[in-house]
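# Notes for the structure review
Take a look at the letters that make up each chain.
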Amino acid sequence: MGSISIWAATRPRRPRPALEGDLRVDVVIVGAGITGLTAALLLAKTARSVAVIEARAVGAGDSGGSTGNLYQTVTGGLETLAAKWGADTARAVVASRGEAITWIEQQAQAMGPSSGFRRCPMYQYPLSPDAEPTILGELKALRAAGLDAQLASEMPPGLPAAKGAVLLLSAQAQFHPIGYLHALALQAEHAGARLFENSPALELDLEAGVVRTRTGTAFSHHIVLATHSPLGFHLVQAGMAVRREYGLAFHEQAVPAGIFWAQGHPRLSVRGLEANGKHYLLCIGEHHETGRHDAAAALAQLERAAQEYLAVGSPVQRWSAQHFHSPDGLPYIGRDESGAFIATGFSTDGLVYGTVAAHIITDQIIGAQSRWSSLYLAKRFEPVKAARNTVKTNVDVAKAFVHDYLTHREAQPLDRLSPGQGALVQLPHERVAAFRDPHGALHAVSPVCTHMKCIVHWNPVEQSWDCACHGSRFAVDGRVLQGPAIAPLADRLPALLRRLG
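Here's a quick rundown of the structure.

Each value, and the rule that gives it
Positions within a chain are numbered from 1, following the residues in the order the chain's sequence is written. Note on the predicted model: pLDDT of at least 70 is required for a residue's local features to be given, and 80 or more for side-chain atom pairs to be given and counted; whole-chain, interface and lining totals, by contrast, use all residues. Remark: hydrogens and water are excluded; side-chain values derive from all non-hydrogen atoms of the structure. Working definition: helices are DSSP H or I runs of at least four residues, strands are E runs of at least two. Numbering for both runs from the N terminus. Buried means the residue's accessible area, taken with a 1.4 Å probe over protein chains only, is under 20% of the maximum for its type, while exposed means over 50%, and partly exposed covers the values in between. By definition, residues are in contact when any of their heavy atoms lie within 4.5 Å. Only the protein chains shown count as cover for residues, and all accessible areas are computed by the Shrake-Rupley method using a 1.4 Å probe. Here the positive residues are Lys and Arg and the negative ones are Asp and Glu; neither His nor the chain ends is included. By convention, charge coordinates are those of NZ in Lys, CZ in Arg, CG in Asp, or CD in Glu. Among the buried residues, those of types Ala, Val, Leu, Ile, Met, Phe, Trp, Tyr and Cys that are joined through side-chain atoms within 4.5 Å form a nonpolar core. The pairing criterion for strands is at least two bridges between them, as found by DSSP. Only Phe, Tyr and Trp rings take part, Trp by its six-membered ring, and two of them pair if their centres are within 6.5 Å. Stacked means planes under 30 degrees apart, edge-to-face means over 60, and tilted covers everything else. Criterion for a charge above a ring: Arg CZ or Lys NZ at most 6 Å from the ring centre, at most 35 degrees from the ring normal. Regarding the arc, it is the one traced by the directions from the helix axis to the C-beta atoms. Every helix has an expected span of 1.5 Å times one less than the residues it contains. Look down the strands so they point away from you; if the path from the first strand over the helix to the second goes clockwise, the crossover is right-handed. Salt bridges are identified by distance alone: a Lys or Arg side-chain nitrogen within 4 Å of an Asp or Glu carboxyl oxygen. Axes, fitted as lines to C-alpha atoms, cover a helix only where it is in contact. Angles between the N-to-C directions of the axes lie from 0 to 180 degrees. What sets the label is the angle itself: under 35 degrees gives roughly parallel, over 145 gives roughly antiparallel, 65 to 115 gives roughly perpendicular, and the rest give oblique. Take the far helix as your reference; a near helix turned counterclockwise from it by less than a right angle gives a left-handed crossing, and one turned clockwise gives a right-handed crossing. Lys, Arg, Asp and Glu make up the charged group, whereas Ala, Val, Leu, Ile, Met, Phe, Trp, Tyr, Cys and Pro make up the nonpolar group; the residues left over, Gly among them, are polar.

Across its full length, the protein carries 10 helices and 26 strands. Projected onto its principal axes, the C-alpha positions of the protein cover 70 × 55 × 50 Å. When each of the 501 residues of the protein is scored for burial, the buried share is 58%. A sequence separation of at least 24 residues applies to 71% of the contacts in the protein between residues at least 6 apart. Just so you have it, the protein exposes about 20,200 Å², and 53% of that area is on carbon and sulfur atoms. Counting 45 positive and 43 negative side-chain charges, the protein places the averaged centre of each group 2 Å from the other.

In structure tokens, the structure reads:
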């Protein structure tokens, strides 16, 4: 069983070259997920020259690890959003997301079956009786926002029995995110955009419009950081919570078309998938703060819940994705104080919000009026609405510093490091982040995150070093897997070998 998403496992990819030499364009987009590729297509259609620079491959980031669900509501609850921002803002959010889904549908119709797009209903139901008030409150909020929400008598066959009222929201949608992204990349290239893979941004000069990779440099008038949390240092990072969520795929009979959200304990997102002539049941859940939890235990708990409530066997695929949650409940989209264009704080609603963001950023770059730019303003400051979550996030970061630097988080002796295991190892004068590969070879890097100097934690599921402060993730050799960090973890293997004699 791999640790890549079911989407990557069921769609072949088309490799693209790395950036080499100097390139001058109107717009450089860093990141080839749904935000970056949508913006590339939109901008290329306005006759702007566009380059997309991707650290790994098209769809290899969190867009390709998502649920593939497209909905007008939000996972945090429209009732909660309306209570914080008011009914008018909730209606605007729903309208902006509805427009984005319609645009995705139009692209999917041109793409053909590769995108796997389909309209379908969405069900929210209580898996424990204490969650029924949440369902009823959400029903009221959805109707107030103008959506066609109803109460259903029961769940479709094959899904867990509801412990109370079932909410049915019609005319939502699903697609195959990797299939859609690959087709979107082709559309962008046909419109004139250039895509480069295996080209991580190693240096940014946002004022000068320069992005440097290992083998090339791109010069531009505008830089779009379509990387979830924007690379480097940005004010919005101070208040955002960062979480990972896990996914499992099971070989099953066909699952009814629909998005199925279980509220209560546990919270599960379930959907079906037909790919390459096979039917799968997908189960998503167990979101936890990045770097502050046991990833293997979270994945095991999700598997137990799936087996208990869905009567499935063993999973054939497992994966995870990362989410960035803004403290006031709305994404940050547009030009921020750095001068770059950012799109972040999507929570688990990024496929639709990413499409919204690409349209807003395109309008801002070409000087057009955007209907939604003020709603998701990147430079907004909402101390009252964001206060509680901002304080919590920064307290958690402070606790991570104290735990790692003042209490000296426990380090493991090197001789106890088994093949396939990673851990902090204490040397006479320093700690290193060490990993022993399945063949017994050692890898050792600095445990100090290059973003804000927190200490990284070992993630045994993805075999990565994850930072608990702002969500940066690194490979066992120190390469950046996910920002906001740009620089890799320093190689400490030579020092480790010298000390070992």
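Attention shifts here to the nonpolar core. Among the nonpolar cores identified, the biggest contains 73 residues, and Ile29, Leu70, Leu78, Tyr180 and Tyr376 are the most heavily contacted of them. The biggest single contributor to this core is helix H4 (residues 87-111), with 10 residues. Excluding anything up to four places from it in sequence, Leu70 contacts Ile101, Ile104, Phe117, Gln172, Ala173, Gln174, Phe175, Ile259, Leu351 and Val352.

What follows covers the pairing of strand E18 (residues 332-335). In the sheet, E18 pairs with strand E19 (residues 341-344) via four bridges, with the strands oriented antiparallel. Its bridge partner lying in E19, Tyr332 is registered against Thr344. Hairpin connection from E18 to E19: five residues lie between these consecutive antiparallel strands, with Gly339 at a positive phi of about 95 degrees.

In this section: the side chain of Gln72. On the secondary structure map, Gln72 appears in the loop between strand E4 (69-70) and helix H3 (78-85). Residue classification places Gln72 among the buried positions, given a relative accessible area of 17%.

Below, the discussion takes up the packing of aromatic side chains. Applying the stated criterion to the full structure yields seven aromatic pairs. Through successive ring pairs, a cluster of aromatic residues spans Phe346, Tyr353 and Tyr376. Arg380 extends its terminal NZ or CZ atom over the ring of Tyr332, reaching a point 4.2 Å from the ring centre.

A separate point is H3. Restricting attention to buried positions, one finds in H3 the residues Leu78, Leu81 and Trp85. Buried residues of H3 fall within an arc of 60 degrees about the axis and therefore sit on the same side. Of the residues in H3, the exposed ones pointing more than 90 degrees away from the buried face are Thr80 and Ala83. Where H3 terminates, the next one or two residues include Gly86, which has phi positive at roughly 105 degrees.

A rise of 1.5 Å per residue sets the reference length of helix H5 (residues 132-144), with its 13 residues, at 18 Å; its end C-alpha atoms lie 19 Å apart and thus fit the reference within 8%. By the burial criterion, the buried members of H5 are Ile135, Gly137, Glu138, Leu139, Ala141 and Leu142. On its buried face, H5 is in contact with H3, strand E5 (118-126), strand E6 (149-152), strand E7 (166-174) and strand E14 (259-263). Looking at the residues trailing H5, positive phi occurs at Gly146, about 90 degrees.

Here the focus is the pairing of strand E3 (residues 50-53). Of the two faces of E3, the one carrying Val50 and Val52 and the one carrying Ala51 and Ile53 are both buried. Pairing of strand E2 (residues 27-30) with E3, which is carried by four bridges, proceeds in the parallel orientation. Among the inter-strand pairings, Ile29 is bridged to a residue of E3, identified as Val52. In this region the chain leaves E2, passes through helix H2 (residues 34-44) and returns to the parallel neighbour E3; the handedness of that crossover is right-handed.

With that settled, consider unusual backbone geometry. Geometrically, the link from His265 to Pro266 is a cis peptide bond, its omega value of -5 degrees lying close to zero. Note that Pro266 resides in the loop between E14 and strand E15 (268-275). With an omega of 25 degrees, the peptide bond running from Gly483 to Pro484 counts as cis. With respect to the element layout, Pro484 can be found in the loop between strand E26 (480-482) and helix H10 (493-500). Positioned with a positive phi, Asn198 is a non-glycine residue whose angle comes to about 50 degrees. As for its position among the elements, Asn198 is in the loop between strand E8 (194-196) and strand E9 (203-205). One non-glycine residue, Glu286, adopts positive backbone phi at about 60 degrees.

Moving on, we come to the environment of Val476. Relative to the helices and strands, Val476 resides in the loop between strand E25 (473-474) and E26. Each C-alpha atom, one on Val476 and one on Arg436, is 9.2 Å from the other, the two residues being 40 residues apart in sequence. Among residues more than four places away in sequence, those in contact with Val476 are Phe435, His443, Val445, Trp458, Gln463 and Trp465.

Turning our eyes to something else, we now look at the environment of Ile284. When you line up the elements, Ile284 lands in strand E16 (residues 278-289). Once the C-alpha coordinates of Ile284 and Gln237 are considered, the two residues, 47 residues apart in sequence, prove to be 26 Å apart. Each residue touching Ile284, except ones within four places of it in the same chain, is listed here: Thr67, Glu245, Tyr246, Gly247, Arg267, Leu268, Ser269, Leu302 and Trp319.

For the rest of this paragraph, the subject is the pattern of salt bridges. Scanning the entire structure with this criterion turns up 13 salt bridges. Arg16 is the salt-bridge partner of Glu189, the closest N and O atoms lying 2.8 Å from each other. With a gap of 173 residues between them, Glu189 in helix H6 (residues 177-190) and Arg16 in the loop between helix H1 (6-9) and strand E1 (21-24) connect regions that are remote in the sequence. Across the salt bridge formed by Arg380 and Asp328, the nearest N and O atoms sit 2.8 Å from each other. Of this pair, Arg380 sits in the loop between helix H8 (350-366) and helix H9 (383-406) while Asp328 is found in the loop between strand E17 (317-325) and E18, placing the two residues 52 residues apart along the sequence. Neither Arg380 nor Asp328 differs from the other in exposure class; each is buried.

The interhelical angle for the contact between H2 and H6, taken along N-to-C directions, is 25 degrees, at an axis separation of 9 Å. Put simply, H2 runs roughly parallel to H6. As H2 packs across H6, the resulting crossing turns out to be left-handed. Residues Ile34, Leu37, Thr38, Ala40, Leu41 and Ala44 of H2 form the contact with H6, whose own contacting residues are Tyr180, Leu181, Leu184, Ala185, Gln187 and Ala188. In terms of residue class, the contact of H2 with H6 is built from 10 nonpolar, two polar and no charged.

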